[in-house]
Amino acid sequence: MDKLAKLINPLLVLIALALSLMVSNSFLSGNLNIIVNNLIIILGLFVFGMLLSKNRRNNRSWVKKVIISLVMFIIVITQLNIAEFNQYVSFLDIITKNNALLYGVIIYCGWVFFE
């Protein structure tokens, strides 16, 4: 039963992500809808990546978690257009302009958080 839960939980997160996006699109409009949708997508994909991790034990690699948190913070503030990083324009443009690459980085950060 534990193996079945490990297989179904990531799928349930993706279904919940799709449903929450549908609900937010039907109730919100304009700029608030864009902000909420970005936050839902980032949170949902990060949780999806966390559930893909096999090692969910309490490890002591706090430096790795701080770095991942900083990367996720930079992704969130650039996606919400709160801050711009002019020094790293070419690197961040490659990641933020390509949604597939950005979503892959978010899932990877969620997966690596507990590895």
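Just above sits the structure.
What you are looking at is a predicted structure, and each value in this text was computed from that prediction instead of being measured.

Moving on: the overall build of the protein chain. Scanning the protein chain from N- to C-terminus turns up five helices and zero strands. Order of helices (α) and strands (β) in the protein chain, N terminus to C terminus: α-α-α-α-α. For the protein chain, contacts bridging at least 24 residues in sequence account for 71% of all contacts bridging at least 6. Carbon together with sulfur atoms contributes 70% to the accessible area of the protein chain, which is approximately 8,000 Å² in total.

Before going further, it helps to examine helix α2 (residues 31–52). Its 22 residues place the ends of α2 32 Å apart at the C-alpha level, agreeing with the 32 Å of an ideal helix rising 1.5 Å per residue. Of the surrounding elements, those touching the buried residues of α2 are α1 (2–27), α3 (62–79) and α5 (99–112).

Before going further, it helps to spend a moment on the packing of aromatic side chains. Counted by the stated rule, this structure contains two aromatic pairs. The interplanar angle of 70° and the centroid separation of 5.8 Å between the aromatic rings of Phe46 and Phe113 together place this pair among those described as edge-to-face. One end of the pair, Phe46, is in helix α2; the other, Phe113, is in the segment after α5, with 67 residues separating them in the sequence. Phe46 gets classed as buried once you look at its relative accessible area, which sits at 15%. Seen from their ring centres, Tyr108 and Trp111 are 5.9 Å apart, and the 40° between their planes marks the pair as tilted. Taken together, the residues span about one helical turn, with Tyr108 and Trp111 both in helix α5 at a distance of three residues. Under the relative-accessibility criterion, Tyr108 is labelled partly exposed at 48%. Look at Trp111 and you get partly exposed, because its relative accessible area is 33%. In this structure, Lys65 packs its charged tip against the face of Phe113, placed 5.2 Å from the ring centre.

With that settled, consider α5. With 14 residues, α5 extends 20 Å between its outermost C-alpha atoms, agreeing within 8% with the 20 Å of an ideal straight helix rising 1.5 Å per residue. Buried residues of α5: Leu102, Ile106, Cys109, Gly110 and Val112, and no others.

Now for the nonpolar core. The biggest cluster of nonpolar side chains holds 16 residues, and the ones touching the most others in it are Phe46, Ile68, Met72, Ile75 and Ile106. Elements supplying a minimum of two residues to this core: α1, α2, α3 and α5.

Bringing the packing of α3 against α5 into the picture now. Here α3 crosses α5 at 155°, and the two axes come no closer than 10 Å. Judged by the inter-axis angle, α3 sits roughly antiparallel to α5. Relative to α5, the crossing made by α3 is left-handed. Across the interface between the two elements, Lys64, Ile68, Val71, Met72, Ile75 and Gln79 of α3 pack against Leu102, Val105, Ile106, Cys109 and Val112 of α5. Tallied by class, the residues present in the contact of α3 with α5 amount to nine nonpolar, one polar and one charged.

What counts and how
Residues numbered from 1 in each chain as written. Predicted model: local features only at pLDDT ≥ 70, side-chain atom pairs only at ≥ 80, totals over all residues. Heavy atoms only, no water. Helix = DSSP H or I, 4+ residues; strand = E, 2+ residues; numbered from the N terminus. Contact = heavy atoms within 4.5 Å. Areas by Shrake-Rupley, 256 points an atom, 1.4 Å probe, with all protein chains shown as cover. Expected span 1.5 Å × (residues − 1). Phe/Tyr/Trp six-rings, centres within 6.5 Å; stacked < 30°, edge-to-face > 60°. Buried < 20%, exposed > 50% of the residue type's maximum accessible area, 1.4 Å probe, protein only. Lys NZ or Arg CZ within 6 Å of the ring centre and 35° of its normal. Core = buried A, V, L, I, M, F, W, Y, C linked by side-chain atoms within 4.5 Å. Axes fitted to C-alpha atoms, helices over the stretch in contact; angles between N-to-C directions. Parallel < 35°, antiparallel > 145°, perpendicular 65-115°, else oblique. Left-handed = near helix turned anticlockwise from the far one by under 90°. Nonpolar A, V, L, I, M, F, W, Y, C, P; charged D, E, K, R; others polar.

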